[in-house]
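# Observations on chain architecture
One-letter residues, chain by chain:
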Amino acid sequence: MDTIAVLDFGSQTAQLIGRRIRECGVYAEILAGTEPIPESLVSEIRGIVLSGSPASVHEPESPRIHPSILELGVPVLGICYGLQQIVDAAGGRVSRAERREYGRSRLHLRQDHPLFNNVPDGFVSWMSHGDSLAELPADFVLIAESEHGLPAAVRNADSSIVGIQFHPEVSHCEYGTQILENFATGICKARQSWSMEQYVDTARTNIQSTAGEGSVLVLISGGVDSTVVAALILSALRKSQVHLMYVDTGLMRAGETEEVSTTLEQLGAEHVHIIDAKERFYDALEGKPDPEEKRRIIGDLFISIQQEELAARKIGEGFLAQGTLYTDMIESGKGVGKYAKVIKSHHNVRSPLVQKKRDDGLLIEPLSWLYKDEVRDLGRVLGLPEHVVGRHPFPGPGLAVRILGSVTPERVRVLQAADRIYIDELHKRKLYDRIWQAFCVLLPISSVGVAGDDRAYGGVVALRAVVSVDGMTADVYPFESRDILEISARITNEVPEVGRVVYDVSSKPPATIEWE
Ligand code: XMP
């Protein structure tokens, strides 16, 4: 299939570039920019995009494109650092800009170029760079300038290389998808043969050829990603080959374990292993208020229970399939390139079982370059019901990171009760699908109130609701005040332990989505 290779030099947005190109119907694959293109792909590549990077061309260790890639003879588009490394290599000069450009900048087109077909002069681009082009290489020509007069787009003599200083992939960049489409279909002439149905076919074929007759274990978390992986694996292999394992940590949302069982049954799974480990988690968490310690306890216990159960049931021998998304990998510093900065570790990436399977070539991760909403589309193509594919993300450590301070079975029960009402109200008010993630947080304090004629001392619940594309950044959902007041009243009326409800109005950054 005609493919655009997106070469990752450690950018947080390399995957987003790929995703935007796929939105135009052209298949895009993310590859490490510092290594040659795999032999099996070379004949499919119609064009190359070089991603940005936190690095600067002035750093001695900065990542550089593997020379063999430029010999493929296909058009190249450099974005930000991608542009700067081309200019640096071609004899131009990149320098620390006197004026750094961050955020919106109007661009002025200085020359007609197919990259800007159907894009008006003066459109608003999105900049994020400290280095700038100080001098173009001899055969390069300026195509566009930023509102501060800095070079914003250039090309070489025959236009086989174009470079842009701004980021067309981010949603704030006007005409960004149009510019990437102009490159992929106009300049590279790549055919628009990508679709989710076609992706499912390819993923099934890959799973069949990887797993053969071997057994495949899928660890189910209750979330969208692992459920979609389970559905995909079950649709690709014989049901008797597939084992699904779910550990009930006692830190799940109300009714979640029952819902998971029902969904797996509906998928026709033959081997479902549901492990009730609530008491072990509650015992281990008793008297442990520190957030990092709670995460560590949960991660470690999860791993030991997994190992014990797999050994006891003799099901851990073959392949392991899991729903790791690219954003999980990149947040753990395990993106395609090795230069992405580590933001935080997710336990599905660091588990010894996963590491061993990865080392032994027994790991199947069919979602690892998809975004959450693409995973949802994939689930729909596989026929999963809307309430399953539309579910908000849920963190691995579960409600433990939403119960600030020590976790007790009683506090879990109170939080589940409040959260159930909140989510139920969002569904009733048709707000659930407009929100990326909504949940209650139980605070480690009590507050004074009145119940009847008596003074009461009750718990405090914070409501969180954010909109986001991938969880990396998030804005607060702007509720109508009437909705939030009615939801709050229902929680305090129906959950006697809660005396006060507050609304969290912090975006990410500077706050994170979860409170711990
Ligand atoms: P933060 O709180 O970092 O969350 O803004 C971003 C997204 O990641 C989820 N999250 C986690 N998911 N294990 C997970 O699998 C974790 O330890 C974890 N911590 C946060 C969070 O719910 C949000 O969607």
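The rules behind these values
Residues numbered from 1 in each chain as written. Predicted model: local features only at pLDDT ≥ 70, side-chain atom pairs only at ≥ 80, totals over all residues. Heavy atoms only, no water. Helix = DSSP H or I, 4+ residues; strand = E, 2+ residues; numbered from the N terminus. Rg over C-alpha atoms; globule rule 2.2 N^0.38 Å. Buried < 20%, exposed > 50% of the residue type's maximum accessible area, 1.4 Å probe, protein only. Contact = heavy atoms within 4.5 Å. Areas by Shrake-Rupley, 256 points an atom, 1.4 Å probe, with all protein chains shown as cover. Domains from an automatic or database assignment. Salt bridge = Lys/Arg side-chain N within 4 Å of Asp/Glu carboxyl O. 1 Å grid on protein atoms, 1.4 Å probe; cavity = no way out; pocket = protein on both sides within 12 Å on 5 of 7 lines; lining within 4 Å. Points joined across faces, edges and corners; volume = space filled by probe spheres on them. Pairing = 2+ DSSP bridges. Axes fitted to C-alpha atoms, helices over the stretch in contact; angles between N-to-C directions. Core = buried A, V, L, I, M, F, W, Y, C linked by side-chain atoms within 4.5 Å. Phe/Tyr/Trp six-rings, centres within 6.5 Å; stacked < 30°, edge-to-face > 60°.

## Comments concerning the overall build of the protein chain
A tally of regular secondary structure across the protein chain gives 17 helices and 18 strands. Computed over C-alpha atoms, the radius of gyration of the protein chain comes to 25 Å, within 12% of the 24 Å expected from 2.2 N^0.38 for 516 residues, which places it in the range of a compact globule. With the C-alpha coordinates aligned to their principal axes, the bounding extent of the protein chain is approximately 80 × 60 × 40 Å. Out of the 516 residues in the protein chain, the part that is buried amounts to 56%. In the protein chain, once contacts between residues fewer than 6 apart in sequence are set aside, the share between residues at least 24 apart is 74%. On the protein chain, roughly 22,100 Å² of surface is accessible, and the fraction owed to carbon and sulfur atoms is 50%.

## Side note on the domain arrangement of the protein chain
On domain assignment, one finds that the protein chain holds domain 1 (3–187), domain 2 (196–389) and domain 3 (402–503). Once you take the C-alpha centre of each, domain 1 and domain 2 turn out to be 35 Å apart.

## As for the pattern of salt bridges
Within this structure, the stated rule accounts for 40 salt bridges. Residue Asp276 pairs with Lys278 through a salt bridge whose shortest N-O separation is 3.4 Å. Residues joined by salt bridges that share partners form a network here, namely Asp424, Glu425, Lys428, Arg429, Arg482, Asp483, Glu486, Arg490 and Glu494.

## With respect to empty space enclosed by the protein
Considering all chains together, one arrives at one cavity of 30 Å³ or more under this definition. In this model, the largest cavity occupies a volume close to 110 Å³. Surrounding the largest cavity, Ile220, Gly222, Gly223, Thr227, Glu259, Val260, Thr263, Leu264, His387, Val388 and Arg391 form its lining. Elements represented by at least two residues in the lining of the largest cavity include exactly helix H8 (256–266) and helix H15 (386–389).

## Details of the sheet that holds strand E5 (residues 93–109)
The strand order across the open sheet formed by nine strands is E2-E1-E3-E4-E9-E8-E7-E5-E6, and the pairing between neighbours is mixed. Only two strands of the sheet have a single partner each, and these edge strands are strand E2 (27–32) and strand E6 (124–135). Within this sheet the neighbouring strands show an average axis-to-axis angle of 25 degrees, counted without direction. Contacting strand E1 (3–8), strand E3 (45–50), strand E4 (76–79) and strand E9 (161–164), helix H5 (residues 176–187) crosses the sheet at an angle of about 155 degrees to E4.

## Things to note about the sheet that holds strand E12 (residues 271–276)
The strands that make up a sheet are held in pairs by hydrogen bonds between backbone atoms, and each pair lies either parallel or antiparallel. Read across the sheet, five strands follow the order E12-E11-E10-E13-E14 without closing on themselves; strand pairing throughout is parallel. In this open sheet, the two strands that pair with only one neighbour each are E12 and strand E14 (363–364). Across the face of the sheet, helix H10 (residues 291–313) comes into contact with strand E10 (216–220), strand E11 (242–248) and E12 while running at roughly 140 degrees to E11.

## Thoughts on the nonpolar core
Counting residues in hydrophobic clusters, the biggest one holds 51 residues, and the most contacted among them are Leu251, Phe281, Tyr422, Leu426, Leu463, Phe479 and Ile491. The element contributing the most residues to this core is helix H16 (residues 409–428), with eight residues. Composition of this core by domain shows at least three residues from each of domain 2 (196–389) and domain 3 (402–503). Membership of the second largest hydrophobic core comes to 41 residues, among which are Trp194, Met196, Leu237 and Val389.

## A closer look at the packing of aromatic side chains
All chains considered together, the criterion is met by eight aromatic pairs. With 5.7 Å between their ring centres and 65 degrees between their planes, Trp194 and Tyr199 make a pair best called edge-to-face. Taken individually, Trp194 and Tyr199 each receive the classification buried, so the pair is uniform in this respect. Ring geometry for Tyr477 versus Phe479: centroids 5.1 Å apart, planes at 85 degrees, classification edge-to-face.

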